[in-house]
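# Report on the structure
This is what each chain is made of:
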Amino acid sequence: LNPASPLENILNDIPRAIAARLYYPALAVALTVPEICMGLTLDKSVRVKGHHYAAFVDKYAEPVGLGLNGEICYQLRCGVLHRGDASAHSELPLTDLIFSIPGPQGRTHAKDLNIGRFTAGMLDLETFCHAMCTAACGWWADHHSNSKVLENIPSLLSPRDGLGLFVYGPIIGCGKEFDWEDA
């Protein structure tokens, strides 16, 4: 990716969050990556749906690295982002979900633990997040010259030196760049 790309800024924040031990924000942002990428290919009036999300994951994420297919990853995303509960989606085939975090305990990734009627999925947070970022890079390689992507990417939330008409100085913002001559 282009280092100045707003998408690159988002992807770079994921490992920074992990390094700062901000695991929930890292996971939440990683889970939005397919939605951000697919949204860039659509008109602003079209919402990204589960089938768009699942198609991105199934095409660009390495199954072993991510540990989930597109449909299950979308269900995880819905549970985490809407309820703060990784196993909250009614169709997720797990009763529990465990993300291992960096530390001396080692890494366990893409394993299911079954005890009676309970099934816990076990994923390594760093591996999962890295796989999602790698998927976005593969997606970008295929879409970096797409006219709709080029139209939409400047409006992604990103670090900026102000936002024209509204504020000056360092911010994180999104919106159209303002030109005083257009006023």
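Bear in mind the structure is a predicted one, so any value in this text is a computation, not a measurement.

## Some points on the pattern of salt bridges
Tallied over the entire structure, the rule returns 4 salt bridges. Here Arg77 ties to Glu35 by a salt bridge, and the two come within 2.8 Å at their closest N and O atoms. Residue Arg77 is located in helix H5 (residues 70–83), and its partner Glu35 is located in helix H2 (residues 23–40); the two are separated by 42 residues in the primary sequence. Overall, Arg77 belongs to the buried group, its relative accessible area being 8%. Using a relative accessible area of 22% as the deciding quantity, one classes Glu35 as partly exposed. Among the salt bridges present, the one from Asp43 reaches Lys148, with a minimum N-O distance of 2.5 Å. Taken as a pair, Asp43 in the loop between H2 and helix H3 (50–60) and Lys148 in helix H7 (residues 147–152) lie far apart in primary sequence, 105 residues in all. Members of the salt-bridge network, linked through shared partners, are Asp43, Lys148 and Glu151.

## Overview of the pairing of strand S3 (residues 118–124)
For S3, the buried fraction is high: 6 of the 7 residues fall into the buried class. Relative to S3, strand S1 (residues 96–100) runs parallel, the two sharing 5 bridges. In the strand pairing of S3, Asp96 is matched with Ala120. Sheet topology note: the strand S2 (residues 111–115)/S3 ladder contains 5 bridges and is antiparallel. Paired with Lys111 across the strands is Met122, a residue of S3. Taken together, S2 and the strand that follows it, S3, pair antiparallel across an intervening segment of 2 residues, in which Gly116 is found at a positive phi of about 60 degrees.

Rules used throughout
Residues numbered from 1 in each chain as written. Predicted model: local features only at pLDDT ≥ 70, side-chain atom pairs only at ≥ 80, totals over all residues. Heavy atoms only, no water. Salt bridge = Lys/Arg side-chain N within 4 Å of Asp/Glu carboxyl O. Helix = DSSP H or I, 4+ residues; strand = E, 2+ residues; numbered from the N terminus. Buried < 20%, exposed > 50% of the residue type's maximum accessible area, 1.4 Å probe, protein only. Pairing = 2+ DSSP bridges.

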